[in-house]
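The chain contents come next:
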Amino acid sequence: MRKTWGAGFVFALLACAAAAAGAEWKTDFGKATVDLSEILSGGPPKDGIPAIDRPRFIGHAEAEWLGDAEPVIVLRSGKKARAYPLQILIFHEIVNDNFDGRPLAVTFCPLCNASIVFDRRVDGAPLDFGTTGKLRHSDLVMYDRQSESWWQQFTGGAIVGRYAGAQLRRVHSNIVSYADFRAAYPGGEVLSRDTGFTRPYGRNPYRGYDTTAGQPFLLDQPADPRLPPVARVLSVHSAGQRTLYPFSVLREKKVINDTVGAEKIVALSKFGTLSALDESEIAASRKILSASAFSRVVDGRELFFVLRDGKIVDRATQSAWNLLGQATAGPLKGKSLAPVDSGVHFAFAWLAFYPESKIYR
C-alpha cells in the first residue's frame, strides 16, 4: 500500500536531498512506501557512481584482461549468454542493457554483495536507471530518469515518487567464475572495459569489506544475530517461503536437495571463484564458493543430486551437471534445470528485508 507523508517533513527531506546531492530532484516526495528517514546519504551525489548506458560486448579472445577465477554475472537466453564482470560493475553498479529483445538493468550493490537483474519495463515502457547516492538498509537506492522515482535495488520496488509501489520483474542470473562461463558458452559475450569512463578496473575500492566482523556501512538497524552480517548466503524463494543456505553449510555439503514452498530444489556450489570484495586487487583476492539453485524436476521427473568424484551427478541417470544447471554428459546431456528465484547476498542485507526467512542448518 502506498503511504503519503506530511508536507512539512517532505519539504524538509527534499531540501536536504537537493543540498546533499548538489542537484535538484524532480522526484514526487509526496508519494512513498517507506519511512523517508530510513534513506541515508551514502556519500556520492546523484550519478556520482555512473551507470553504463551504452554497454559494449566483446568475445573471449578480446577479454584477455579477465582472469579465469574472476566473478561474473551471467545472463542467459536460449543459446545466447552474456557475462558482466564484477570488476566493472563495482565502479558502476548499474548497466542499462538490451539483451535478446528485452530492456534489462543489471545491478550490483557492493555493500550488500547483491547482483540482481531486472526487466526495466513498467507498464510496457522501458525506464533508464541511475544511482541516487542514497542507501537504505545499506542497499543501493536507484532512480529512473523518466520520473526520478527512487527504487530499492534489493527488492526491485519503487519506494519514493510517481512509481511508488510499482515492482520491477526479476530476471534470473548467476554469479560464477569466468572460466565456468567460458566453458559453458564458448560463443558468449563479455561486457567490455570500454565503458566511456576512466576507472581502475580490476581494483577493489572496498578492500577487506567481506571479512569485516563489525556493522556493515550505514546499516540503520542491528544486524540479524542468526548469522554473521557479511556471511554470504544463497537465497531461494518459492510460494511465499524464503530459505537461506549459508556458504558455511555449502562448504561442507556442496549439493543440497531440498523443498522450498512447493518447489523441489537443488542448491549447487563450487569452490574457486575470487571474491570481488577482499584485496585491493581482485586478482589477488581469496577464492570462495559460487552457488546457484534450480528446480530438480526435469520433464516431470524428480531428480536427486549428489557429488561424486568431484562432479555433480543425478542418481537416476548418472548424468553430469555444471553450476549453471546444464547436463554436460550422460543420458540427459543437453538438458537444463529450470531456474528458481534465487541469488547470493550478504546475510545482513537479505535478513533486513526478509527477516522471516528460514535458515537451512
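Attention here is on the structure that accompanies the text. Here the structure is a predicted model, which is why all the values come from computation and not from measurement. (Residues numbered from 1 in each chain as written. Predicted model: local features only at pLDDT ≥ 70, side-chain atom pairs only at ≥ 80, totals over all residues. Heavy atoms only, no water.)

Concerning the side chain of asparagine 96
Part 1 of the reasoning: Relative to the helices and strands, asparagine 96 is located in strand E5 (residues 94–99).
Part 2 of the reasoning: Residue class for asparagine 96 comes out buried when judged on its relative accessible area of 4%.
Part 3 of the reasoning: At 2.9 Å, the side chain of asparagine 96 and the backbone oxygen of phenylalanine 129 are in polar contact.
Part 4 of the reasoning: Each residue touching asparagine 96, except ones within four places of it in the same chain, is listed here: Ala51, Ile52, Asp53, Pro55, Leu104, Arg120, Leu127, Asp128, Phe129 and Arg145. (Helix = DSSP H or I, 4+ residues; strand = E, 2+ residues; numbered from the N terminus. Buried < 20%, exposed > 50% of the residue type's maximum accessible area, 1.4 Å probe, protein only. Polar contact = N/O pair within 3.5 Å; in protein donor to acceptor, adjacent residues only side chain to side chain. Contact = heavy atoms within 4.5 Å.)

A closer look at the sheet that holds strand E7 (residues 114–119)
Part 1 of the reasoning: The strand order across the open sheet built from 4 strands is E5-E6-E7-E14, with neighbouring strands paired in antiparallel fashion. The two strands at the open ends of the sheet, each matched to only one other strand, are E5 and strand E14 (169–171). For this sheet the average axis-to-axis angle between neighbouring strands, irrespective of direction, equals 35°.
Part 2 of the reasoning: Pairing of E5 with strand E6 (residues 102–109) involves 6 bridges; the strand directions are antiparallel. From the neighbouring strand, isoleucine 94 faces E6, where its bridge partner is threonine 107. (Pairing = 2+ DSSP bridges. Axes fitted to C-alpha atoms, helices over the stretch in contact; angles between N-to-C directions.)

A few points about the sheet that holds strand E27 (residues 327–329)
Part 1 of the reasoning: Across the sheet, which stays open at both edges, the 4 strands sit in the order E24-E25-E26-E27 with antiparallel pairing between neighbours. Unpaired on one side and paired on the other, strand E24 (305–308) and E27 mark the two borders of the sheet.
Part 2 of the reasoning: As judged from the 4 bridges shared by E24 and strand E25 (residues 311–314), these two strands associate in the antiparallel manner. Paired with arginine 308 across the strands is lysine 311, a residue of E25.

Some points on the pattern of salt bridges
Part 1 of the reasoning: Per the counting criterion, the structure on display carries 22 salt bridges.
Part 2 of the reasoning: The partner of arginine 136 in a salt bridge is glutamate 38, with the nearest N and O atoms 2.7 Å apart. Remark: glutamate 38 occurs in the loop between helix H1 (7–21) and strand E1 (39–41) and arginine 136 occurs in strand E10 (residues 129–136); sequence separation between them is 98 residues.
Part 3 of the reasoning: Given the relative accessible area of 11%, arginine 136 is considered buried.
Part 4 of the reasoning: Measuring nitrogen to oxygen at the nearest pair gives 3.7 Å for the salt bridge that ties arginine 207 to glutamate 279. (Salt bridge = Lys/Arg side-chain N within 4 Å of Asp/Glu carboxyl O.)

Here we look at the nonpolar core
Part 1 of the reasoning: Tyr84, Trp151, Phe181 and Trp321 are the most contacted members of the largest nonpolar core, which totals 88 residues.
Part 2 of the reasoning: With 7 residues, helix H5 (residues 347–353) is the single largest residue contributor to this core.
Part 3 of the reasoning: Once residues within four sequence positions are removed from consideration, tyrosine 84 is found in contact with Phe57, Val72, Ile73, Leu75, Leu89, Val95, Asp97, Val106 and Leu191.
Part 4 of the reasoning: Among the nonpolar cores identified, the runner-up in size contains 15 residues, and Ile256, Ala267, Leu289 and Tyr360 belong to it. (Core = buried A, V, L, I, M, F, W, Y, C linked by side-chain atoms within 4.5 Å.)

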